[in-house]
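Take a look at the letters that make up each chain.
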Amino acid sequence: MARRRISAREARNIARTRMDRLMDLAIEEVREGRIDRSRRYVSLARKIGMRTNTPMTKDRIYCRKCMVALLPGWNCKVRLRSNRVVIHCLTCGAIQRAPYLREKKGESDE
Ligand SMILES: [Zn+2]
């Protein structure tokens, strides 16, 4: 059976759909308290992302150390500190920092 070749863009669209679905499931598992399943879903989503060169949507956050999906108020703390968003994973204690200079600049332009 011949397999239809699809373009990289089509592949990325499919990948994005599946990654979003997996991340939704990962967050659901955090709510249910099943951390291991959440980690499994996140790693599957990451695998799809790597294979198709698709970055994860910005609003889907996960711990880069223990791979659990992060849901503010459930298993992570989000704080703003001197131009950085600090995300503290409450499952393993890892800390992620991301700058938010662009948003700050936009604010001062207004
Ligand atoms: Zn963690």
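Structural data are supplied above this passage.
Q: Can you walk me through the overall build of the protein chain in this structure?
A: Helix and strand counts for the protein chain come out as three helices and three strands. Starting at the N terminus and walking to the C terminus, you meet the elements of the protein chain as α-α-β-β-β-α. Its C-alpha atoms give the protein chain a radius of gyration of 17 Å, clearly above 13 Å, the size a compact globule of 110 residues would have. The principal-axis extent of the C-alpha atoms belonging to the protein chain is close to 55 × 40 × 20 Å. Counting across all 110 residues of the protein chain, residues that qualify as buried make up 21%. Relative to all contacts within the protein chain whose residues are 6 or more apart in sequence, the contacts with residues 24 or more apart total 47%.

Q: Quick question: what am I supposed to make of helix α2 (residues 35-52) here?
A: Taking 1.5 Å per residue as the helical rise, α2 with its 18 residues ought to reach 26 Å, and the 26 Å between its terminal C-alpha atoms agrees with that figure. Restricting attention to buried positions, one finds in α2 the residues S38, R39, Y41, V42 and A45. Across the axial projection of α2, the buried residues extend over an arc of 165°, all falling on one side. Facing away from the buried side of α2 by over 90 degrees, the exposed positions are D36, K47, M50 and R51. Of the surrounding secondary structure, the elements contacted by the buried residues of α2 are α1 (8-32).

Q: What is the right way to read the pairing of strand β3 (residues 95-99) from this model?
A: Counting buried positions along β3 yields zero of five residues, so the element is predominantly exposed. Sheet topology note: the strand β2 (residues 84-89)/β3 ladder contains five bridges and is antiparallel. In the strand pairing of β3, I87 is matched with Q96. Counted between consecutive antiparallel strands, the loop separating β2 from β3 contains five residues, among which G93 sits at a positive phi close to 90°.

Cut-offs used in this document
- Counting of residues starts from 1 at the beginning of each chain's written sequence and follows it residue by residue.
- In keeping with the model being predicted, local features are shown solely for residues with a pLDDT of at least 70 and side-chain atom pairs are shown and tallied solely at 80 or more, while totals for entire chains, interfaces and linings include all residues.
- Going along the chain from the N terminus, every DSSP run of H or I of four or more residues is numbered as a helix, and every run of E of two or more is numbered as a strand.
- Atoms considered for the radius of gyration are the C-alpha atoms alone. The globule rule reads 2.2 Å times the number of residues to the power 0.38.
- Whether a residue is buried, exposed or partly exposed is read from the other C-beta atoms within 10 Å of its own C-beta, which are placed from the backbone; 20 or more gives buried, 12 or fewer gives exposed, and intermediate counts give partly exposed.
- We call two residues in contact whenever the C-beta atoms placed from their backbones are within 7 Å.
- Helices are assigned an expected span. That span is 1.5 Å times one less than the residue count.
- In this description, the arc belongs to the directions extending from the helix axis to the C-beta atoms.
- Following DSSP output, two strands are said to pair if at least two bridges run between them.

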